[in-house]
Amino acid sequence: MTMLEIILAMALTALTVHVLILQQHYTRKFSELSVLINNLLDLVDDTKLSQTYLDEIRLKIFNSSQ
């Protein structure tokens, strides 16, 4: 391997690690936010919104977080 190939391989490894860390971070944040939104929907559950509408929102949130 030449020096340029070694540098490029190291850069690729660093970028891969960076992407994996960011993916884990945003997955965790999205999970926390979906729990928060679910709690908020439980609070508004007693308002004028229909139960089917709230259930549809919950399904959209939790299906997208998996």
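All residue numbers here refer to positions counted from 1 along the written sequence of the relevant chain. It should be noted that, the model being predicted, local features are given only for residues of pLDDT at least 70 and side-chain atom pairs only at 80 or more, the latter also being counted only at that level, while totals for whole chains, interfaces and linings use all residues. As a rule here, side-chain values cover all heavy atoms of the structure and leave hydrogens and water aside.

Novice: Looking at this model, I keep getting lost on the overall build of the chain. Mind explaining?
Specialist: Helices and strands together make up the secondary structure of the chain, namely two helices and zero strands. Residue exposure ignores everything except the shown protein chains as possible cover, and the areas themselves are Shrake-Rupley values with a 1.4 Å probe. Total accessible area computed for the chain in this model is approximately 5700 Å², and 68% of it derives from carbon and sulfur atoms. Only DSSP runs of H or I covering at least 4 residues are called helices, and only runs of E covering at least 2 are called strands; the numbering of each starts at the N terminus.

Novice: Would you mind showing me how to read helix H1 (residues 3-44) here?
Specialist: Within an α-helix, residues lying three or four positions from one another point in the same direction, as the helix has 3.6 residues per turn. Here the expected length of a helix is defined as 1.5 Å per residue gap, with one fewer gap than residues. End to end, H1 covers 61 Å across 42 residues, agreeing with the expected 62 Å (1.5 Å per residue, within 8%). Among the residues of H1, Ser34, Asn38 and Leu41 are the ones counted as buried. Burial status follows relative accessibility: with a 1.4 Å probe on protein chains alone, a residue under 20% of its type maximum counts as buried, one over 50% as exposed, and anything between as partly exposed.

Novice: Please clarify how the pattern of salt bridges should be interpreted in this entry.
Specialist: Two side chains of opposite charge can pair, provided their charged atoms sit close to one another. Salt bridge, as applied in this entry: a Lys or Arg side-chain nitrogen positioned within 4 Å of an Asp or Glu carboxyl oxygen. Applying the stated criterion across every chain yields a total of one salt bridge. Where Lys29 meets Glu32, a salt bridge forms, and the shortest distance between an N and an O atom there is 3.9 Å. Note that Lys29 and Glu32 are positioned in helix H1 at a spacing of three residues, about one turn of the helix. Exposure remark for Glu32: the relative accessible area of 44% places this residue in the partly exposed category.

Novice: Please clarify how the environment of Val35 should be interpreted in this entry.
Specialist: Residue placement: Val35 occurs in helix H1. With 27 residues separating them along the chain, Val35 and Phe62 place their C-alpha atoms 9.0 Å apart.

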